[in-house]
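A closer look at the structure
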Amino acid sequence: MAKEMTSFEELQWRGLVQDISSPDLIDKLNKGGLTFYIGTDPTADSMHIGHYSSFLISKRLAQHGHHPLLLVGGATGLIWDPRPTAEREIIAYETVQKNFEWLKKQVTELFDGNVEVVNNYDWTKDVSILEFLREIWKYINVSYMLNKDIISRL
């Protein structure tokens, strides 16, 4: 009978590991119990091929005793998203919320209930622009923004 692979061995065998940040990570992956997050935008009302690789890896980690946390960008999905080729179309609030609900339902089924799904809209909806600028934006300087690849190409 063949030896069962550890979580890390399985990820390596499947070609899903490029580098690791610390040898401690291997032990942590093999022991289980880590909470990790994956993020997605609610730009569609159903899972699609763009979700496939991150959800597949997440499902495997969940099967090895880890706890996935799906962060859906309900707030960030409402705003402009600069891209090298085109701007993302602005999506109505109701559509973003509907998409979030459908994604939550599908992901919960995919992970057999072993997933926590959160929406960043929930903790950003009450933040005013002044609060944001005062508490967050002060840490982002113009030089930092101008050095971003996406901005430097505009």
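Everything here concerns the structure above.
Residues numbered from 1 in each chain as written. Predicted model: local features only at pLDDT ≥ 70, side-chain atom pairs only at ≥ 80, totals over all residues. Heavy atoms only, no water.

Quick look at unusual backbone geometry now. Here D112, not a glycine, exhibits a phi torsion of approximately 50°, which is positive. Inspection of the secondary structure puts D112 in the loop between α4 (93–110) and β3 (116–119). (Helix = DSSP H or I, 4+ residues; strand = E, 2+ residues; numbered from the N terminus.)

Further remarks concern the side chain of N99. The topology assignment puts N99 in helix α4. Taking the relative accessible area as the measure of exposure, N99 reaches 3% and is therefore buried. Polar side-chain contacts of N99 include one of 2.9 Å to the backbone oxygen of P42. Ignoring sequence-local partners within four residues, the contact set of N99 consists of P42, T43, A44 and D45. (Buried < 20%, exposed > 50% of the residue type's maximum accessible area, 1.4 Å probe, protein only. Polar contact = N/O pair within 3.5 Å; in protein donor to acceptor, adjacent residues only side chain to side chain. Contact = heavy atoms within 4.5 Å.)

Here we take up a nonpolar patch on the surface. A cluster of nonpolar side chains, contributed by V127, I129, L130, F132, L133, I136 and W137, occupies part of the molecular surface with about 660 Å² of accessible area. Relative to the helices and strands, F132 resides in helix α6 (residues 129–135). Its relative accessible area of 32% is what places F132 among the partly exposed residues. (Patch = residues over 30% accessible without salt bridge, like charges linked within 9 Å, V, L, I, M, F, W, Y side chains within 5 Å. Areas by Shrake-Rupley, 256 points an atom, 1.4 Å probe, with all protein chains shown as cover. Salt bridge = Lys/Arg side-chain N within 4 Å of Asp/Glu carboxyl O.)

Taking 1.5 Å of rise per residue, the 15 residues of helix α3 (residues 49–63) would be expected to cover 21 Å, and the 21 Å separating its terminal C-alpha atoms lies within 8% of that figure. Of all the bends in α3, the greatest measures close to 30° and is centred on F55. When α3 is considered as a whole, its buried residues turn out to be H51, F55, S58, K59, R60, L61 and A62. Where α3 terminates, the next one or two residues include G65, which has phi positive at roughly 95°. (Expected span 1.5 Å × (residues − 1). Bend = angle between axes of the 7 residues up to and from the residue.)

Once that is clear, we can look at the packing of aromatic side chains. Within the structure shown, the criterion is met by 1 aromatic pair. Ring geometry for Y93 versus Y121: centroids 5.3 Å apart, planes at 50°, classification tilted. In this pair, Y93 is assigned in helix α4 and Y121 in helix α5 (residues 121–124), connecting sequence segments 28 residues apart. (Phe/Tyr/Trp six-rings, centres within 6.5 Å; stacked < 30°, edge-to-face > 60°.)

For the rest of this paragraph, the subject is the sheet that holds strand β2 (residues 67–72). Backbone hydrogen bonds are what pair the strands of a sheet, in a parallel or an antiparallel way. Taken in spatial order, the 3 strands make up an open sheet running β1-β2-β3, and their pairing is parallel. Whereas interior strands pair on both sides, the edge strands pair on one side only; in this sheet they are β1 (35–40) and β3. With strand direction ignored, the average angle separating the axes of adjacent strands in the sheet is 25°. Lying over the sheet, α3 contacts β1 and β2, oriented at roughly 165° with respect to β1. Its contacts with the sheet put α4 on β1, β2 and β3, and the angle it makes with β3 is roughly 170°. (Pairing = 2+ DSSP bridges. Axes fitted to C-alpha atoms, helices over the stretch in contact; angles between N-to-C directions.)

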